[in-house]
Every structure is written in structure tokens, then in C-alpha cells.
Amino acid sequence: MSEPFIGEIRIFGCNFAPRGWAFCQGQLLPIAQNTALFSILGTTYGGDGRTTLALPDLQGRAPMHPGRGPGLTARRLGETTGVNEVTLTEAELPNHKHVVYGAQTVGTEASPSNTRMMAIDRPSTGDNIVYLNTASTKNTVMATEAIGSMGGSQAHENRQPLMGMNFCIALVGLYPSRS
């Protein structure tokens, strides 16, 4: 591996930080022992700027370049954004409906398919009817009360697919030129 620049961030697929590197987990480091790194990072990621500096916290995050792209909002270096879980509101869902049909015939299938709902009525075994339509027409739409709501305003996972990799920052190496 070539000599890294101080403050360079790389991804490693191991459960330890290599010599001269540290995990990007937002930990505080003493400035007195990391003066070169402090001269590059300052307090961008935290720390009091007198005795401590903080490393970036990239645990469960995707890094993003600072700046502004066409049609995008501006992002500053060190800014964190996004959430791991999202609860959708009714206004965020597209208009749709769920329709379940019932038939007047007695159910005999224990498994659902694309043409039938799961329904069993076998008096000899004690199984009961899941739904029986008493209307005179077959394939009648069920009452809206028969279909329960789902979700219960619970959050769903919002992170992109991930793999167990560790972001590490170089604590020692070449000092990057300012030009």
C-alpha cells in the first residue's frame, strides 16, 4: 500500500484499523499528539479546538462530497444528513386501494394463490370458513371493514444495501500540499 496523505480516508474490510490509521467513529483525539491532523481537519467534525479534535463519524453512513450539484441542496464538509428509518405519512403514499373478493362457495384450499384467497371449511376436521359471501352474486367486493390497516405508523428501514466495511483515516503519512 502506498504512503497515505494525513487525513486521507479509505475503506478497509477488516475488524481492526491498520497501523497509522484510526476508525472513523467520531472519537476525540488529543491535539498535542495529532498536530498535523488537526491542522488539516480543525474542528470540522467536532472537538473543542483547544485540547481535542474529533474524527469523522462514518458508522452506518455513506460519505458524500461537499458542494452543490445541479438541482441539489448545498452540503458543507462535515455535515451529516439523512436518517436510518423513515415513517411515511399518508400524503407520501400514492393513491391506491386494496380490494379483496369473496365467493359464495365453500372454501377448500389451505394455500393462497394468484386466483384464490386462503379459506378452509372442512367440518369433519373442525376447520372454519375464513370468509363466506352471503350476497347473491359471486366475486363480490368485501366490506372495507373486513380489511385491516397495516403499518401502524411504524418506521421502515431507509438505508441503502450495505456490507461490513470500515472507514479509516490516516493519522500519519505525507502532509498534503495546499495547492
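Residues numbered from 1 in each chain as written. Predicted model: local features only at pLDDT ≥ 70, side-chain atom pairs only at ≥ 80, totals over all residues. Heavy atoms only, no water.

Under an unreviewed UniProt entry, the protein chain has the name Microcystin-dependent protein and belongs to Thalassolituus maritimus.

Draft legend 1. Region of the structure containing the pairing of strand 11 (residues 166-170). Counting buried residues in strand 11 gives four out of five residues, a clear majority hidden from the surface. Both strand 1 (residues 9-12) and strand 11 contribute to a ladder of four bridges, which runs antiparallel. Bridging from a neighbouring strand, I9 pairs with I169 of strand 11. In this structure, strand 2 (residues 21-23) lies alongside strand 11, joined through three bridges in antiparallel fashion. Across the sheet, the residue bridging to A22 is I169, located in strand 11. (Buried < 20%, exposed > 50% of the residue type's maximum accessible area, 1.4 Å probe, protein only. Helix = DSSP H or I, 4+ residues; strand = E, 2+ residues; numbered from the N terminus. Pairing = 2+ DSSP bridges.)

Draft legend 2. Highlighting the sheet that holds strand 2. Sheet architecture is open: three strands sit in the order 1-11-2, paired in antiparallel fashion. The open sheet terminates on both sides in strands that have one partner only, identified here as strand 1 and strand 2. Strand-to-strand twist in this sheet, taken as the mean axis angle between neighbours without regard to direction, amounts to 40°. (Axes fitted to C-alpha atoms, helices over the stretch in contact; angles between N-to-C directions.)

Draft legend 3. Main features of the pattern of salt bridges. Enumeration over the complete set of coordinates arrives at four salt bridges. As a salt-bridge pair, E8 and R10 come within 2.5 Å of each other at their nearest N and O atoms. Here E8 falls in the partly exposed class, since its relative accessible area comes to 22%. We note a salt bridge from R75 to E79, for which the minimum N-O separation is 3.5 Å. Accessibility expressed as a relative area gives 26% for R75, which makes it partly exposed. (Salt bridge = Lys/Arg side-chain N within 4 Å of Asp/Glu carboxyl O.)

Draft legend 4. Broad picture of the environment of N15. The topology assignment puts N15 in the loop between strand 1 and strand 2. For the pair N15 and G164, spaced 149 residues apart in sequence, the C-alpha separation works out to 9.0 Å. If sequence neighbours within four positions are ignored, N15 has contacts with F23 and N166. (Contact = heavy atoms within 4.5 Å.)

Draft legend 5. Local environment of the layout of surface pockets. By volume, the largest pocket is sized at about 1,400 Å³. Lining the largest pocket are 43 residues; nearest its centre among them are D57, L58, R61, A62 and P63. Of the residues in the lining of the largest pocket, the class split is 21 nonpolar, 16 polar and six charged. (1 Å grid on protein atoms, 1.4 Å probe; cavity = no way out; pocket = protein on both sides within 12 Å on 5 of 7 lines; lining within 4 Å. Points joined across faces, edges and corners; volume = space filled by probe spheres on them. Nonpolar A, V, L, I, M, F, W, Y, C, P; charged D, E, K, R; others polar.)

Draft legend 6. Molecular detail of the side chain of N34. Mapped onto the elements of the fold, N34 is located in the loop between strand 3 (28-30) and helix 1 (35-41). Ignoring anything within four residues of it in the chain, the contact list for N34 reads L29 and L53.

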